[in-house]
Amino acid sequence: VTERVDLREFLGGFVAEAEELLVTANSTLLEIDGANATGQTRPRALKDLFRALHTMKGLAGMVGVEAIVEIAHALENLVRAAEQRGGKLQKPGIEVALGAIRAIGDRVRAVANREAVPPPPVELLAAIAAIDVGSGQLEAPPAISAKWDDRLAADEKRHVGGALERGAGVYTLTFTPSTDKQERGLTIASARARLGERGDVVKVVPRSVGRAVVFDVLVISDAPQSELAALVETDAIERLQRAEPPAADPDALRDDGSESSVSPFGRALVRVELSRLDELQEQLSQLLISKFRLEREVAQLQANGFDVRRLREIVQAQSRQLRDLRRAILRVRLIKITEVLEPLSLLIRSLARPNQREAQLVLDTGDAELDKAVADRLLPAIVHLVRNAVDHAIETPEQRIAAVKARTGTIRVSAGEIAGNQLALVIADDGRGIDRDAVAKRAGHSVDSDAALLEAIVVPGFSTRDVATRTSGRGVGMDVVKKIIVDQLGGQIELHTARGVGTRFTLRVPVTIAIVDVFSFVCGPQTFVVPVSVIDEIFELEPSQREHLSEIALMQRRGRAMPLVALGSLLAVDAGTSSRNALVVRRGDEPIAFAVDRMLGRQEVVVRPIDDPLARAPGVAGATDLGDGKPTLVLDLVELGARMSLRKPAVRA
Amino acid sequence: VTTSLHVGFRVGPTDYAVPATDVLHLDTYDAATPVPGAPPYVAGLMQTRGKLVPVVDLRARFGLAPIERTIDSRVVVVKVGARVAGLLVDSAREVIQIDDASCEQPPDVFRTHTNEFVKAIATVTKRLVLLVDVPRIIGEEHSDG
């Protein structure tokens, strides 16, 4: 039930930006053409052209117009190649480039007119690819050190070469694992993570020494050598010096356009599908479960009088390693909030014009990071608040001037990490402030405090407007913001508003949340969910199996006897005899089927732990909100199955 | 004369009160999600102001027969230390001033009879109001964090 951002909202802003970029691209091409005629080169113009195309590509990607992305990408490659091979683009190249700019222009107009965007012309892409940009060779990567030259790819060499050139610290060190270090939680993985916190780990290569394995690590870091050595407990560390005078043109075009948020180590980035990270987390939780089992067994051994000190030390070391691993995985999921908020600048442009408002957006989110899953859920709420600010808060330029304010209104989105796992995001405008009286009138009671005001405006359907404006009134109100921030993310909203001065919303959200893929089903009067990962199989019950459903029965499934548990009677919810489906989970090696009334579907939900002992029960793993604002229980069927087998058989008449 | 603000509510025929400082807010009651395996007096979980809180059904806790919930039913959301819980009551209308001097220890027989959920008895405009022991009601003595 996640609110999706409607991309159409950004299209107006996209068209405006794209048109400006097309003008830049055209004029730089004409400049290069003119310079060619008089035998001059224009490296600056080529760089400008590259940047315009790169930005175009990024914007088009943001609004999902793939055809423009493809053309801009092809042309960008051509321009980069031309620059690297001597900075020249000859007549045929310029002709093709102008054609490509025209093709992009056609597509931008299609976007503006809400028409279907035609795919990129195949001939054009072929023509771009066919352009020979000259005989100059792509410059060879620099040599780094004898130890590493054979182990690094060309782009890694360029990356390290660039760091050496800048005078950054480049270190080669050898990490030697040992049981002793391992028990203290220091393994190659944690060593890598520790170094990664203090710099950029370029490469880790295992090497055998006798029967042991050691790891050679190449790291770029500004930290002192001694600190790096101490971090991973090694003496074998050496700072690399520049091997030879660099041949690299420091001003060469790199795909690190300052407008994008690509890291300075652009090439060291790897894109990973979120689902794979989820998989990793899933595996990790399995690992945690087996750790708990191990701990229980150790406790049992101890109770039986065995000496378990060594065992206990190892288990403790393992706990620390698991914690490190968990942290490392969570960190991988974090993305810079700036990245998420980028589309807002387009939004402001597309909103301000039709409203005759002048508004600027200031993004002041620094390096704050957020789980991708949180960010995706958060964006619609922020979009709504920003849209509201432009629509309702920022006055017309005339009103602003009359109120002795800057003509252009400012909407500032800033972020700051606050305690632990929480991030505060502030969306502030310098507009007219919320009209308390109007809200009070509409709500039917007084709203003296900011908290009361907030309570009043998050009521579904609340609006002080009689006529929906063009940009607002699309059906999302403050209630949606509340639903996202409070109900889905478990965060908080605060409001401060002052007449004539402005309004400030503070959203406190968790940096990370647990997103779980679940099946939902009905059992008796209640809906439950269960993680997809624990379900082996779902099947439909035969009428005969339905009839003979008792608390626990045996059934044949694929030639094996399998216990069939009526979940309704197990949970003592009134299920009757209407069970249609069965869910199979595996406890150890044994499958157990649970009969449920009917399956509802599959979805991704945010699972929240149940903190209070009063509502904690075995087999209940947490709660989630399926969108109705009420908690739905997340069941742990494996645990319920385990309890089943502990119970004494019920005596029946 | 020291008086303190209390939130008054009604369960069955009796008036009860909790100190206003322990109350976060009042909420209307619209079905909690039952938690199988939870104590019988826990009506379930509800979501209030972004928090998942257990709801204790005071009728069940005080040993009264269940009734159909009405539009008067309220949840008094209380905070005890780090814990937040809801108390489901028949109605809750007023904030009352209780004169500390009017508070008396409940008679022993009564205290045992009410399972020690009542820690004091106050008189407010000639009505008896029972001050409840919230930590005891939400089973604080059993919880070890």
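Just so it is clear, the structure is predicted and the values come from calculations on it, not from any experiment.

Participant: Looking at this model, I keep getting lost on the overall build of chain B. Mind explaining?
Facilitator: In terms of helices and strands, chain B carries 3 helices and 10 strands. What you see in chain B, going N to C, is helices and strands ordered as β-β-β-β-β-α-β-β-β-α-β-β-α. Out of the 145 residues in chain B, the part that is buried amounts to 50%. Taken as a whole, chain B presents about 7400 Å² of accessible surface, with 53% of it coming from carbon and sulfur.

Participant: Where do I start with the packing of aromatic side chains in this structure?
Facilitator: Aromatic ring pairs are defined here through the distance separating the ring centres and the angle between the ring planes. Residue and element names in this part refer to chain B. What the rule picks out here adds up to 4 aromatic pairs over all chains. Between F62 and F117, the aromatic rings sit 5.9 Å apart at their centres with planes inclined by 40°, giving tilted as the arrangement. Placement of the pair is F62 in the loop between α1 (58-61) and β6 (74-80) and F117 in the loop between α2 (108-113) and β9 (118-124), with a sequence separation of 55 residues. The exposure classification of F62 matches that of F117, with both residues buried. Of the aromatic side chains, those joined through ring pairs into one cluster are F9, Y16, F62 and F117. Looking at R61, its charged tip hangs above the ring of Y41, at a distance of 3.7 Å from the centre.

Participant: What is the right way to look at the packing of helix α3 (residues 66-84) of chain A against helix α5 (residues 122-130) of chain A in this model?
Facilitator: Think of two packed helices as two axes; the pair is described by the angle between the axes and how far apart they sit. Residue and element names in this part refer to chain A. Interaxial distance between α3 and α5 falls to 9 Å at its minimum, and their mutual angle equals 15°. Relative to α5, α3 is oriented roughly parallel. Every pair of crossing elements has a handedness; the one defined by α3 and α5 is left-handed. In contact with E70, I71, A74, L75 and L78 of α3, α5 contributes L124, L125 and I128. Per-class residue counts for the contact of α3 with α5 are 7 nonpolar, no polar and 1 charged.

Participant: Is there a simple way to think about the sheet that holds strand β12 (residues 514-523) of chain A in this case?
Facilitator: As a general point, the strands of a sheet are linked pairwise by backbone hydrogen bonds and lie either parallel or antiparallel. All names here are of chain A. One open sheet accounts for 5 strands, arranged β19-β12-β13-β21-β20; its pairing is mixed. Every other strand in the sheet has two partners, leaving β19 (598-607) and β20 (620-625) as the edge strands with one partner each. Each strand axis lies, on average, 35° off the axis of its neighbour in the sheet, ignoring direction. One ladder, built from 2 bridges, connects strand β13 (residues 526-531) with strand β21 (residues 631-635); its direction is parallel. Directly across from V529, in β21, lies its bridge partner V634.

Participant: What is the right way to look at the sheet that holds strand β5 (residues 51-57) of chain B in this model?
Facilitator: All names here are of chain B. Sheet architecture is open: 5 strands sit in the order β3-β6-β7-β5-β4, paired in mixed fashion. Of all strands in the sheet, those with a lone pairing partner are β3 (23-28) and β4 (42-48), marking the two edges. Pairwise comparison of adjacent strand axes, ignoring direction, gives a mean angle of 30° for this sheet. Bridge count between β4 and β5: 6 bridges; the pairing is antiparallel. In the sheet register, Q47 faces β5, and the bridge partner there is L52.

Participant: Any chance you could explain the interface of chain B and chain A here in plain terms?
Facilitator: Interfaces are frequently sized by the accessible area removed from exposure as the parts join. Taken together, the contact pairs 24 residues of chain B with 22 residues of chain A. Across the chain B/chain A interface, buried area totals approximately 1900 Å², and carbon plus sulfur atoms make up 63% of it. The largest share of the area that chain B buries against chain A comes from P36, Q47 and L52 of chain B, three residues that together contribute 33% of it. Linking chain B with chain A are 2 salt bridges, by the criterion used here. Along the contact surface separating chain B from chain A lie 4 residue pairs in polar contact (both at pLDDT 80 or more). Listed by contribution, the elements that provide at least two residues to the side of chain B that touches chain A are β4, β5 and β7 (83-89) of chain B. Among the residues forming the side of chain B that touches chain A, the class breakdown is 15 nonpolar, 5 polar and 4 charged.

Participant: Would you take a moment to explain the nonpolar core for this structure?
Facilitator: Side chains of nonpolar character tend, in soluble globular proteins, to be buried together. Ranked by size, the top nonpolar core spans 102 residues in total, and within it F14, L378, I411 and I485 of chain A carry the most contacts. No other element matches helix α15 (residues 372-393) of chain A, which puts 13 residues into this core. Core analysis: the next-biggest nonpolar cluster, separate from the first, contains 58 residues, F521, A617 and L633 of chain A together with V23 of chain B among them.

Participant: Is there a simple way to think about the pattern of salt bridges in this case?
Facilitator: A side chain of one charge can pair with a side chain of the opposite charge when the charged atoms of the two come close. Residues and elements named next belong to chain A. Taken as a whole and assessed by the stated rule, the structure comprises 33 salt bridges over all chains. Across the pair R508 and E494 runs a salt bridge, and its minimum N-O distance is 3.0 Å. With R508 in strand β11 (residues 502-510) and E494 in strand β10 (residues 492-498), the pair connects residues that are 14 residues apart, well separated along the chain. Note that R557 is salt-bridged to E537, the shortest N-O span being 2.5 Å. On the criterion of sequence distance, the pair formed by R557 in strand β15 (residues 552-557) and E537 in strand β14 (residues 535-540) is long-range, its members being 20 residues apart. Judged by its relative accessible area of 24%, R557 is partly exposed. One network of salt bridges, in which partners are shared, links E395, R400, K405 and D430.

Participant: Looking at this structure, how should I read unusual backbone geometry?
Facilitator: Glycine aside, residues mostly have negative phi, and peptide bonds are mostly found in the trans state. Residues and elements named next belong to chain A. Positioned with a positive phi, R114 is a non-glycine residue whose angle comes to about 55°. Inspection of the secondary structure puts R114 in the loop between α4 (91-112) and α5. Even without a glycine there, the phi angle at V404 is positive, about 55°. Looking at the secondary structure, you find V404 in the loop between α16 (397-402) and β8 (409-418).

Participant: Looking at this model, I keep getting lost on the environment of D376 of chain A. Mind explaining?
Facilitator: All names here are of chain A. Summarising the element assignment, D376 is placed in helix α15. Overall, D376 belongs to the partly exposed group, its relative accessible area being 35%. In sequence terms D376 and V340 are 36 residues apart; their C-alpha atoms lie 7.8 Å from each other.

Participant: Please clarify how the environment of V383 of chain A should be interpreted in this entry.
Facilitator: Residues and elements named next belong to chain A. Positionally, V383 belongs in helix α15. Taking relative accessible area as the criterion, V383 reaches 3% and is therefore assigned buried. Residues V383 and V481 lie 98 residues apart in sequence; the distance between their C-alpha atoms is 9.5 Å.

Participant: What exactly am I supposed to notice about the confidence of the model for chain A here?
Facilitator: Low pLDDT means the predicted coordinates in that region are not meant to be read closely. All names here are of chain A. Summarising the model, chain A shows a mean pLDDT of 80, and 86% of its residues fall at 70 or more. In the model of chain A, helix α20 (residues 543-547) stands out as the element of lowest mean pLDDT, 74, in contrast to β21, which has the highest, 93. In this model, residues 466-476 is a region of pLDDT below 50 whose contacts with residues beyond four sequence positions or in other chains number 17 contacts. A low-confidence stretch, residues 648-653 stays under pLDDT 50, and its non-local contacts, those more than four residues away or across chains, total 1 contact.

Conventions used here
Residues numbered from 1 in each chain as written. Chains lettered and ligands numbered in written order. Predicted model: local features only at pLDDT ≥ 70, side-chain atom pairs only at ≥ 80, totals over all residues. Heavy atoms only, no water. Helix = DSSP H or I, 4+ residues; strand = E, 2+ residues; numbered from the N terminus. Buried < 20%, exposed > 50% of the residue type's maximum accessible area, 1.4 Å probe, protein only. Areas by Shrake-Rupley, 256 points an atom, 1.4 Å probe, with all protein chains shown as cover. Phe/Tyr/Trp six-rings, centres within 6.5 Å; stacked < 30°, edge-to-face > 60°. Lys NZ or Arg CZ within 6 Å of the ring centre and 35° of its normal. Axes fitted to C-alpha atoms, helices over the stretch in contact; angles between N-to-C directions. Parallel < 35°, antiparallel > 145°, perpendicular 65-115°, else oblique. Left-handed = near helix turned anticlockwise from the far one by under 90°. Contact = heavy atoms within 4.5 Å. Nonpolar A, V, L, I, M, F, W, Y, C, P; charged D, E, K, R; others polar. Pairing = 2+ DSSP bridges. Buried area = accessible area lost by both parts, 1.4 Å probe. Salt bridge = Lys/Arg side-chain N within 4 Å of Asp/Glu carboxyl O. Polar contact = N/O pair within 3.5 Å; in protein donor to acceptor, adjacent residues only side chain to side chain. Core = buried A, V, L, I, M, F, W, Y, C linked by side-chain atoms within 4.5 Å. pLDDT = per-residue confidence, 0-100.

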